[in-house]
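Reading the structure
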Amino acid sequence: MILDLFKLDGKVAVVTGSGRGIGQAYAVALAEAGADVALVDVIPMDETAAKIEALGRKVCAVTADLSNGETAAPAIIAEVVKQLGGVDILVNNAGIIRREPFTEHSAKNWNDVLSVNLSTPFFLSQAAARQMIAQGRGGKIINIASMLSFQGGILVPGYAASKGGIKSLTMLMANELAAHGICTNAIAPGYIATENTRPIRENPARNEAILNRIPAGRWGTPEDLMSAVVFLASPASDYMNGHTLAVDGGWLAR
Ligand code: NAP
């Protein structure tokens, strides 16, 4: 039956940046669909872990700084395999944003954002894909893109470059990993009410300008993204590969 294709029983998912916000919603959604979940974050993950345990799923929390993925990624994947027995799903959600005009944008802001948003997903995906290939049962990798994978934005050159890059990397990974039964897709959230967007929501002029442009007429919530991650993590999307799926209240259609 069609709804059975969305089940994740027996799967192990890794979700970065899952201590709060959208990452917490992704982790809970995957657990609700049946997966055991490894949380990865620098902040405490107790709240997310408790929600997953309440669903009767196994959970492990890996505390890691994702600003240096080259060093961190192999150790994170090894720890997940040790604690939960394998890796079937990776969600590269952790991300940061730095707002500063282009002509003044510091090297630190540029480098920090590119590291967390683009380089670390590359290294984590590489480590996870190696594990998935060794397991021989395929897998699903889900990158987190943005409206700025399609548009330039203002004040956020590193963020725009990293999110444009993640959309391209998603297509490359789909091309190279499909032969191993691994699907790579991305979710491009619209404007979602989290800490990440608090400064623009607290700016009345920016807030109103954004709201006026969203056909749905409201900011999105982390809950609006839960079904998309389950779809892309499950057999229901087995013939989707290299796609960036916008969940944006119609923003891109405008
Ligand atoms: P958020 O509320 O800031 O949460 C991001 C999580 O990632 C936080 O727990 C954060 O921890 C963690 N993180 C950041 N840097 C890290 C690092 N170096 N090592 C380990 N963990 C780190 O952000 P969000 O709004 O949920 O966004 C999640 C993802 O969706 C990001 O990739 C973002 O770009 C993307 N996105 C968001 C929106 C939106 O409207 N909110 C729209 C499009 C795309 P700290 O508290 O320590 O930073």
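Going by the structure above, here's the rest.
Okay, so let's go over this structure. What you see is a predicted model; the values in this text were computed from it and never measured.

Parameters and conventions
- Residues numbered from 1 in each chain as written.
- Predicted model: local features only at pLDDT ≥ 70, side-chain atom pairs only at ≥ 80, totals over all residues.
- Heavy atoms only, no water.
- Near = heavy atom within 4 Å.
- Polar contact = N/O pair within 3.5 Å; in protein donor to acceptor, adjacent residues only side chain to side chain.
- Areas by Shrake-Rupley, 256 points an atom, 1.4 Å probe, with all protein chains shown as cover.
- Helix = DSSP H or I, 4+ residues; strand = E, 2+ residues; numbered from the N terminus.
- Nonpolar A, V, L, I, M, F, W, Y, C, P; charged D, E, K, R; others polar.
- Salt bridge = Lys/Arg side-chain N within 4 Å of Asp/Glu carboxyl O.
- Contact = heavy atoms within 4.5 Å.
- Buried < 20%, exposed > 50% of the residue type's maximum accessible area, 1.4 Å probe, protein only.
- Pairing = 2+ DSSP bridges.

1. Points about the site of the ligand
Taken together, 29 residues sit near the ligand, with Asp41, Leu66, Asn93, Tyr159 and Thr194 positioned nearest. One of the side-chain N or O atoms of Arg20 is found 2.9 Å from an oxygen atom in the ligand. Protein contact buries 90% of the 880 Å² of open area that the ligand shows by itself. At the level of elements, helix 1 (21–32) and helix 5 (157–177) are the ones that each hand at least two residues to the shell around the ligand. For the shell around the ligand, the per-class residue count stands at 14 nonpolar, 10 polar and five charged.

2. Observations regarding the pattern of salt bridges
Overall, the coordinates contain nine salt bridges when judged by the stated rule. Across the salt bridge formed by Arg137 and Asp88, the nearest N and O atoms sit 2.7 Å from each other. Residue Arg137 is located in the loop between helix 4 (107–135) and strand 5 (139–144), and its partner Asp88 is located in the loop between helix 3 (69–84) and strand 4 (89–92); the two are separated by 49 residues in the primary sequence. Ionic contacts of the salt-bridge type, sharing partners, join the residues Arg98, Lys108 and Asp112 into one network.

3. Digging into unusual backbone geometry
Within the chain, Leu155 stands out as a residue other than glycine whose phi angle is a positive 70°. Structurally, Leu155 can be placed in the loop between strand 5 and helix 5.

4. Some points on the side chain of Ser237
Take Ser237: it is sitting in the loop between helix 8 (226–233) and strand 7 (244–247). A polar contact of 3.3 Å, which involves the side chain of Ser237, links it to the side chain of Lys140. Ignoring anything within four residues of it in the chain, the contact list for Ser237 reads Lys140, Cys183, Phe231 and Leu232.

5. Remarks on the pairing of strand 4
Alternating residues of strand 4 divide into Ile89 and Val91 and Leu90 and Asn92, and every residue in both groups is buried. Inspection of the sheet shows strand 1 (residues 12–16) paired to strand 4 by three bridges, in the parallel sense. Following the sheet pairing, Ala13 is matched in strand 4 by Ile89. Pairing of strand 4 with strand 5, which is carried by four bridges, proceeds in the parallel orientation. The residue bridging Ile89 from the neighbouring strand is Lys140, located in strand 5.

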